[in-house]
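Residues per chain, in single letters:
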Amino acid sequence: MKKQGGVGAAAVAAAGMVKAELEDVGKAAGGAGAAVVALSPLSETLWREKAAAEFLGDVSARLAWRDLTVTVVLGGGGGGGGETTQDVLQGLTGHAEPGTITALMGPSGSGKSTLLDALAGRLAANAFLDGTVLLNGRKANLSFGAAAYVTQDDNLIGTLTVRETISYSARLRLPDKMPMEEKRALVEGTIVEMGLQDCADTVVGNWHLRGISGGEKRRVSIALEILMRPRLLFLDEPTSGLDSASAFFVTQTLRGLARDGRTVIASIHQPSSEVFELFDRLYLLSGGKTVYFGLASEACQFFAEAGFPCPPLRNPSDHFLRCINADFDKVKATLKGSMKRRFERSDDPLDRIMTSEAIRRLITYYKNSQYYFSAQQKVNEMARVKGTVLDAGGSQASFWMQAFTLTKRSFINMSRDFGYYWLRLIIYIVVTVCIGTIYLNVGTGYSSILARGACASFVFGFVTFMSIGGFPSFVEDMKVFQRERLNGHYGVLAFVISNTISAMPFLILITFISGTMCYFMVHLHPGFTHYLFFVLCLYASVTVVESLMMAIASVIPNFLMGIIIGAGIQRKISFGNGQGIFMLVSGYFRLPHDIPKPFWRYPMSYISFHYWALQGQYQNDLKGLVFDNQDDELPKIPGEYILENVFQIDVSRSKWLDLAVLFSMIFIYRLLFFAMIKVSEDVTPWVRGYVARRRVQAQQGKGTTRRRGRGAELAAARSPSLRAYVVDADDDLPPA
Amino acid sequence: MEKKEGRKIVESLGCLAGERDEEEEEIEIEQHKGDGTDLGGEEVEMEYGGGREGGGMNGNGNGGGGSAWAGALSPAARYAESGGASLTWENLTAVLPGAGGRATKKLVQGLYGYAVPGRVVAIMGPSGSGKSTLLDALSGRLARNVLLTGKVLLNGKKRRLDYGVVAYVTQENVLLGTLTVRETVTYSALLRLPSTMSKAEVRRVVDDTLDEMGLRECADRNIGNWHLRGISGGEKKRLSIALEILTRPRLLFLDEPTSGLDSAAAFSVIETLRQLAVDGGRTIVSSVHQPSSEVFALFDDLCLLSSGECVYFGDAKLAPQFFAETGFPCPSRRNPSDHFLRCVNADFDDVAAAMKGSMKLRAEADFDPLLKYSTSEIRERLVDKYRISEYAMMVRNTIHEISKIEGVIEEVVMGSQASWCKQLTTLTRRSFTNMSRDFGYYWLRIVIYVLMAVCLGTIYYDVGTSYAAIQARASCGGFVSGFMTFMSIGGFPSFIEEMKMFTLERQNGHYGVAAYIISNFLSSMPFLLAVSWASASITYWMVKFRPGFSYFAFFALNLYGGVSVIESLMMIISALVPNFLMGLILGAGVIGIMMLTSGFFRLLPELPKIFWRYPVSYIVYGSWGLKGAYKNDLIGLEFEPMMPGQPKLTGEYIITKMMGLSLNHSKWLDLSMIFVLLFAYRLIFFLVLKAKEAAAPYIRVAYTRFTIKRLERRASFRKTLAMSSMSKRHNQPHPMAVQEGLNSPLPY
């Protein structure tokens, strides 16, 4: 906080506010669990801005859900009859109050993530929701802003420091009107709140850069989501993949967030003893049914009453999962088959009965227990009280602010990521030196005619091919984009524009350096405009390849993914393949007039950027030069003659026109990229939802009892989900 | 290799972070020059000290409460009596000597302990506490630059534990995803069991092993890889263990077998281990990270480490008692192992410090009694208490008793016992099965090649003998030899997977380099032949190259030669660079240069003489392939002249005058040159693998130094280390696609 001192009065005030907030809540958080909701002054400004200066009373989020059932439609492999529906969740009732942290627990495949998604309104298109989810007593469409959702994997830009990551995110989303100092204070406050002071200036780290630890990454992800001060926070397995100390720290931080009056709901997988002790409420699921919902501290008692007391020296959560994890049945069966000598494990009641039996008993017991009735009662109570409508919307920054910030961020990322452009610069220089020495001083001899043609074709064909080197970095970028897009941080257009602009300087640098080297080593047609044309043409070609690659990257997964999972490699191959074919029709390997008319000449050669680049470059290079003939006696050959007769090029068309076509291709491919994202974002989920709905209807026709009308309606309005539901009973892999 | 090394450094650094200054002491390394058994190896600086001059505490122990166990054998020693392999270690200290003026780092320090048949020993501790160092020290896998002092006795005798004598299950499962469980075990058995064993015997061994590991039910399921769904993580781990126990070792080491598994799977793995111990009378030592309550309850002995020092060694059931006596009783609703780790994990200090800075002072701060003390204080108290406790004395007595028991251990032959031919056939069969099942290895490429061939065929359809056809034929040949072979880089990911497998198995001495290379060549041949035959026939008949079967055969063989040369080149590259992206770029670059010098983009006589002409154009397959292709296609044909009326152009004239090639040798010589190159490339591949093996230790040492230097330059490395558990062991192994950032960027 001290480093803010010199910035200015406003900063001091803002910083003070953060501090005041911290202290304020510190005082207020006396009774744990009770709804102590002092909204921080800082977040109040944000909220008031939104609600037109009207003072909001209680802006805490009380979430209640009743009889929640989620049905997933599983496509049965293309054919007509194979699809099935499966109830992933069955009649769940529960609630979450401000100031508390609720843990959704259960063995893998029990539906805890589905419940989290259902509550957050992020179900996949093939899942249908039945039942009510009430936010502050109102049927809520949980929009972004009011609720934040932290996904399991941390998609962060690896080259930025923690502070940069958070402050760029703040600039992307906070309103433009908010003064810079205030934003900075907010960022600093968030860093302090998440305990990230020590690593604030360390880079996050990526595949070749070692950065902060997994626990810190997770906390950065959470920090990004709490920037907008949401009242409701959903987390998908925040501790997975972390060691005990980091997990403890993350959960402790979450508890701190909850105590500030937020409602925190997290799904969790195998917490350690310390972590488990930090939860207020526990929602235990098995096979989509409630095993227990109530205070975490009373769960042991419940299990004891049901006849499964937790043995001493055992982590209660381990015990619960042991009781309700049907996989143990399988393990035991497997072991029994192979065991030669029986272990005499005596006192454990679970060794005597099957786990499935234990689950059944627990579920029945819960249905008749006081825990169930008190939960029902509480939900009814919460349903009656109509509270504030929480709606903050997504980003509050203007389009230009978003585009500007994104460009800047993207530029910094590109300049720091070695693999993005620097590696390619090196590769280009190496390749250019090779080309340059091979065609050194090509001259105007008879044989140089073909050499010049080959040189140009190699430069535009092969050199541009090396663009694939930037692919992994680009994919990383896309992942970050996807996360931020899902959370409504900015629009697709802003992303496409920023990506185009920020890449430009690097591409210009790369092409000018390698183009200049190539031009002067080979001694192509002298003259500044000829030089300029060559370099510009190279730049345009590289950019076209880049844009093409992006468009492919964004489209292939959606259409081919079903067939080939884990692509990337495939994508590269198909890309290389496409390039190869483009080269084939470019007019070098086969002369333009000889290319078969039907498909290859029209339209393929016109779509191929190689064609335009070569047409332009041949003109640029040969026009105006005079070449030796085969024998010295024969007259010299003018370049125009060669162009027309050897390369079969239309000399009447200006070379600048070819260049213009290239540039318009850049534009078209970018537009295609934009359209592809839009399609994959809007159309594909809609189509999937539609197909799934049709299937459900078909099922109903066959005599299933449930009605699904409303659920189907909701599906259309739903935000996209990252998860694809594949329900598989014998999956004992942890969600990695 | 490097990964392992990095981990070790990290552990050493972690140790450094927790080290107290007053404990800096000189480490005495006893030189046992006249020792009969070759302990030292070539440069291995592992010397097992003989005496017990470890410190006063030793005598202290014997004089004091030792009488309580003086009469009968201790329970653990009774296990040892039953025969099998009993391992004891005394005053074990491992140091990483500081090179270039830096202080030496203690990885582990003054450890005592034992492992007896029928019991499972768990080595536990927070990240960086030295548990992998201890495991590596016991199994004889320590890095060469680590100094080890103390005594490690197997059945009371000093002996060098090396690969093959003991089984060591690494943390990462390296398995071929397309094989079934039974196939994996069978192939491994065939590779390593003596060739004299009959088929039925091998099958029995395999079946027994599958039964023993509880893999019977999934025996015929695929293991699964990046595009195939297969068996679960727990089953994979059990399969890895099954491969190691095939040769019936008495002693089994496991490195964090439960990491990345959920509780049921972890339970099944450890339960199986227990059975191996109890039923098979094996001695099992396993490091373990954060076990769940059920898993922890399965361990017999516990070795708890913190910053390289022993916090507790003894019966796992008695550990809570020890903690209670020291003043840190385990709360009843807690997993004891969580509690132990909580007590000794210095990271919690940092968490507490960071929270104090950021969190509000909460009224509920006292919910954890342990927060009253800092973890380092707790740790110190525990270590001091343990040293003078009855538990420590008991351990020393037991060690003493065990070392007196005369155990016989049968000699285990190192590495493989199968004959070279057996290895070769097994490897070839395995590799062939893998290739035929992996869609991405060859099938995808066959599809792409056929597509490319169709494209090429339609573009050059019925090329004819006009004047323009001369250039068309030439560029078609150039495209075939250039771009068609280019597509070989598509198999790169599969190559890398295979190299991983090879490295691991080679380390364990399952087979030799030559056997691997020849088997790889043999198994890939049918596929490459299919690829080249399919695409050659499509292109040949569509373009209507020179008719005649021998011409077609030449065309196809030429393509096959080119594709397999590129394949060999790619194998060399994948051996040199383990990273997928680097390999792809390097491969593309090299192939690009090859294309440039092959005589198509620039005619051979015009290539600059220095470097490009001699030697590059001669060691590149492209120039030979192109020469052969031109000769095959053009000689004997006649083309229309440029101007009508002039005499027809013969193929010979075109080759000599327009292509600048000589007709001194036949096309078959060109073809044979390609096969010579193929052989040479395979030889280079062999040499590269051999050189890599020879250089590996030096690289490792250099890498260690480099890493330490780099880490030290980072201002906050202590802090970050403590917080982050940078040890690579705790990162969950990701599938390759995720590692390389190649999975799909958009939802699907």
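Here the structure is a predicted model, which is why all the values come from computation and not from measurement.

## Here's the deal with the overall build of chain B
Piece 1. Of the regular secondary structure elements, chain B holds 27 helices and 14 strands.
Piece 2. Considering chain B as a whole, with its 748 residues, one finds that 60% of them fall into the buried category.

## Some points on the sheet that holds strand E5 (residues 157–158) of chain B
All names here are of chain B.
Piece 1. Sheet architecture is open: 4 strands sit in the order E2-E1-E4-E5, paired in antiparallel fashion. Looking at the sheet topology across the chains shown, the edges are occupied by strand E2 (105–115) and E5.
Piece 2. Each of strand E1 (87–96), E2 and strand E4 (147–154) touches helix H14 (residues 390–404); the most contacted strand, E2, lies at about 65° to it.

## A few points about the packing of aromatic side chains
Piece 1. The final tally for this structure, using the stated rule, is 68 aromatic pairs over all chains.
Piece 2. The interplanar angle of 70° and the centroid separation of 5.5 Å between the aromatic rings of Tyr366 of chain A and Tyr372 of chain A together place this pair among those described as edge-to-face. With respect to class, Tyr366 of chain A is no different from Tyr372 of chain A; both count as buried.
Piece 3. Both rings, one in Phe411 of chain A and one in Phe506 of chain A, keep their centres 5.2 Å apart while their planes meet at 35°; by these two values the pair is tilted. Remark: Phe506 of chain A occurs in helix H18 (residues 492–522) and Phe411 of chain A occurs in helix H14 (residues 399–416); sequence separation between them is 95 residues.
Piece 4. Judged by relative accessible area, Phe506 of chain A falls into the buried class, the value being 6%.
Piece 5. Through a chain of ring-to-ring contacts, three or more aromatic side chains come together here, namely Phe276, Tyr292, Phe302, Phe303, Phe320, Tyr365, Tyr366, Tyr371, Tyr372 and Phe373 of chain A.
Piece 6. The ring of Phe348 of chain B has Arg342 of chain B sitting right over it, with the charged end atom 4.3 Å from the ring centre.

## A few points about the domain arrangement of chain B
All names here are of chain B.
Piece 1. Under the domain assignment used here, chain B contains domain 1 (78–165 + 250–350 + 370–407), domain 2 (172–248) and domain 3 (420–696).
Piece 2. The C-alpha centroid of domain 2 is placed 29 Å from the C-alpha centroid of domain 1.
Piece 3. Facing 13 residues of domain 1, the contacting portion of domain 2 comprises 10 residues.
Piece 4. Taken together, the two surfaces of domain 1 and domain 2 that pack against each other cover about 940 Å², and 68% of this comes from carbon and sulfur.
Piece 5. The largest contributions to the domain 1 side of the interface with domain 2 come from Thr272, Leu276 and Arg282, which together make up 40% of the buried area.
Piece 6. Seen at the junction of domain 1 and domain 2, the total is 1 salt bridge.
Piece 7. Arg282 is the salt-bridge partner of Glu212, the closest N and O atoms lying 3.3 Å from each other.
Piece 8. Scanning the region where domain 1 abuts domain 2 turns up 1 residue pair in polar contact (both at pLDDT 80 or more).

## As for the sheet that holds strand E7 (residues 251–255) of chain B
To summarise the sheet geometry, strands pair through backbone hydrogen bonds and adopt either a parallel or an antiparallel arrangement.
Residues and elements named next belong to chain B.
Piece 1. Strand order in this open sheet of 6 strands is E6-E7-E8-E3-E9-E10, and the pairing throughout is mixed. Each edge of the open sheet is held by one strand with a lone partner, namely strand E6 (167–169) and strand E10 (309–315). Across the sheet, the axes of successive neighbouring strands diverge by a mean angle of 15°, strand direction being ignored.
Piece 2. Sheet analysis places strand E3 (residues 120–124) next to strand E8 (residues 283–287), joined by 4 bridges and oriented parallel. For Ala122, the partnering residue across the bridge sits in E8 and is Ser286.

## Quick look at the packing of H14 of chain A against H18 of chain A
All names here are of chain A.
Piece 1. It is at 8 Å that the axes of H14 and H18 come closest, and there the two elements cross at 40°. Taken together, the axes of H14 and H18 lie oblique to each other. Once H14 is placed against H18, the crossing between them reads as right-handed. Between H14 and H18, the residues in contact are Phe399, Gln402, Ala403, Leu406, Thr407, Ser410, Phe411, Met414 and Ser415 and Leu493, Ala494, Phe495, Ile497, Ser498, Asn499, Ile501, Ser502, Ala503, Pro505 and Phe506, respectively.

## Some details on the pattern of salt bridges
Piece 1. In total, this model carries 39 salt bridges over all chains according to the counting rule given.
Piece 2. Of the charged contacts, one joins Arg360 of chain A and Glu357 of chain A as a salt bridge, the two residues approaching to 3.1 Å between their closest N and O atoms. Here Glu357 of chain A and Arg360 of chain A lie together in helix H12 (residues 355–367), a separation of 3 residues that amounts to about one turn.
Piece 3. Through salt bridges with shared partners, one network takes in Arg182, Asp207, Asp211, Arg216 and Asp220 of chain B.

## Remarks on the UniProt feature "transmembrane region" (unreviewed entry) in chain B
Residues and elements named next belong to chain B.
Piece 1. Per the UniProt annotation, the sites labelled "transmembrane region" (unreviewed entry) are residues 439–461, 467–492, 513–543, 549–573, 580–604 and 668–689.
Piece 2. End C-alpha atoms of residues 439–461 are separated by 31 Å, and the span's content is 91% helix alongside 0% strand.
Piece 3. Helix makes up 100% of residues 513–543 and strand 0%. Its end C-alpha atoms lie 43 Å apart.

## Some details on helix H18 (residues 492–507) of chain B
Piece 1. Here H18 of chain B contains 16 residues, and its C-alpha end-to-end distance of 22 Å stays within 8% of the 22 Å for a straight helix at 1.5 Å per residue.
Piece 2. Considered for burial, the residues of H18 of chain B that qualify are Phe492, Pro493, Ser494, Phe495, Ile496, Glu498, Met499, Met501, Phe502 and Glu505 of chain B.

## Brief notes about the UniProt feature "transmembrane region" (unreviewed entry) in chain A
Residue and element names in this part refer to chain A.
Piece 1. Per the UniProt record, "transmembrane region" (unreviewed entry) is found at residues 421–442, 449–471, 491–513, 520–542, 548–569 and 656–677.
Piece 2. Span residues 421–442 is 82% helix and 0% strand, its end C-alpha atoms 30 Å apart.
Piece 3. Each end of residues 491–513 is marked by a C-alpha atom, and these two atoms are 34 Å apart; helix forms 96% of the span and strand 0%.

## Looking at the confidence of the model for chain A
All names here are of chain A.
Piece 1. Scored by pLDDT, chain A comes out at a mean of 77, with 76% of its residues at no less than 70.
Piece 2. Per-element averaging of pLDDT across chain A places helix H25 (residues 709–717) at the bottom with 39 and strand E3 (residues 101–105) at the top with 93.
Piece 3. For the stretch residues 47–56, pLDDT sits under 50, and the model shows 17 contacts to residues farther than four places along the chain or on other chains.
Piece 4. Per-residue pLDDT stays below 50 along residues 557–573; that stretch engages in 42 contacts with residues further than four places along the chain or on separate chains.

## Structural notes on the nonpolar core
Piece 1. Of all hydrophobic cores here, the largest spans 180 residues; its most connected members are Ile435, Tyr439 and Leu662 of chain A together with Tyr516, Phe601, Phe685 and Leu689 of chain B.
Piece 2. Residues contacting Phe685 of chain B, with those up to four places away along its chain left out, are Met499, Tyr516, Ile517, Met571, Ile572 and Ala575 of chain B.
Piece 3. Leu92, Leu252, Leu304 and Ala316 of chain B belong to the second-largest nonpolar core, a separate cluster that totals 104 residues.

## What to know about the environment of Tyr681 of chain B
All names here are of chain B.
Piece 1. Relative to the helices and strands, Tyr681 resides in helix H25 (residues 667–713).
Piece 2. Tyr681 sits in the buried class, given a relative accessible area of 9%.
Piece 3. Setting aside its immediate chain neighbours within four residues, Tyr681 contacts Val565, Ser568, Leu569, Ile572, Met594 and Ile619.

## Some thoughts on the packing of helix H17 (residues 467–486) of chain B against helix H20 (residues 549–576) of chain B
To characterise two packed helices, one gives the angle between the axes of the helices and the distance between these axes.
All names here are of chain B.
Piece 1. For the pair H17 and H20, the least separation of the axes is 9 Å and the interaxial angle reads 40°. As the angle between them shows, H17 and H20 are arranged oblique. By crossing handedness, the relation of H17 to H20 is classed as right-handed. Contacts between H17 and H20 involve Val480, Met484 and Thr485 from the first element and Phe555, Leu559, Gly562, Val563 and Ile566 from the second.
Piece 2. Here the contact of H17 with H20 is built from residues that sort into 6 nonpolar, 2 polar and no charged.

The rules we used
- Residues numbered from 1 in each chain as written.
- Chains lettered and ligands numbered in written order.
- Predicted model: local features only at pLDDT ≥ 70, side-chain atom pairs only at ≥ 80, totals over all residues.
- Heavy atoms only, no water.
- Helix = DSSP H or I, 4+ residues; strand = E, 2+ residues; numbered from the N terminus.
- Buried < 20%, exposed > 50% of the residue type's maximum accessible area, 1.4 Å probe, protein only.
- Pairing = 2+ DSSP bridges.
- Contact = heavy atoms within 4.5 Å.
- Axes fitted to C-alpha atoms, helices over the stretch in contact; angles between N-to-C directions.
- Phe/Tyr/Trp six-rings, centres within 6.5 Å; stacked < 30°, edge-to-face > 60°.
- Lys NZ or Arg CZ within 6 Å of the ring centre and 35° of its normal.
- Domains from an automatic or database assignment.
- Buried area = accessible area lost by both parts, 1.4 Å probe.
- Salt bridge = Lys/Arg side-chain N within 4 Å of Asp/Glu carboxyl O.
- Polar contact = N/O pair within 3.5 Å; in protein donor to acceptor, adjacent residues only side chain to side chain.
- Parallel < 35°, antiparallel > 145°, perpendicular 65-115°, else oblique.
- Left-handed = near helix turned anticlockwise from the far one by under 90°.
- UniProt positions renumbered as here; feature names shortened; annotations may be inferred.
- Expected span 1.5 Å × (residues − 1).
- pLDDT = per-residue confidence, 0-100.
- Core = buried A, V, L, I, M, F, W, Y, C linked by side-chain atoms within 4.5 Å.
- Nonpolar A, V, L, I, M, F, W, Y, C, P; charged D, E, K, R; others polar.

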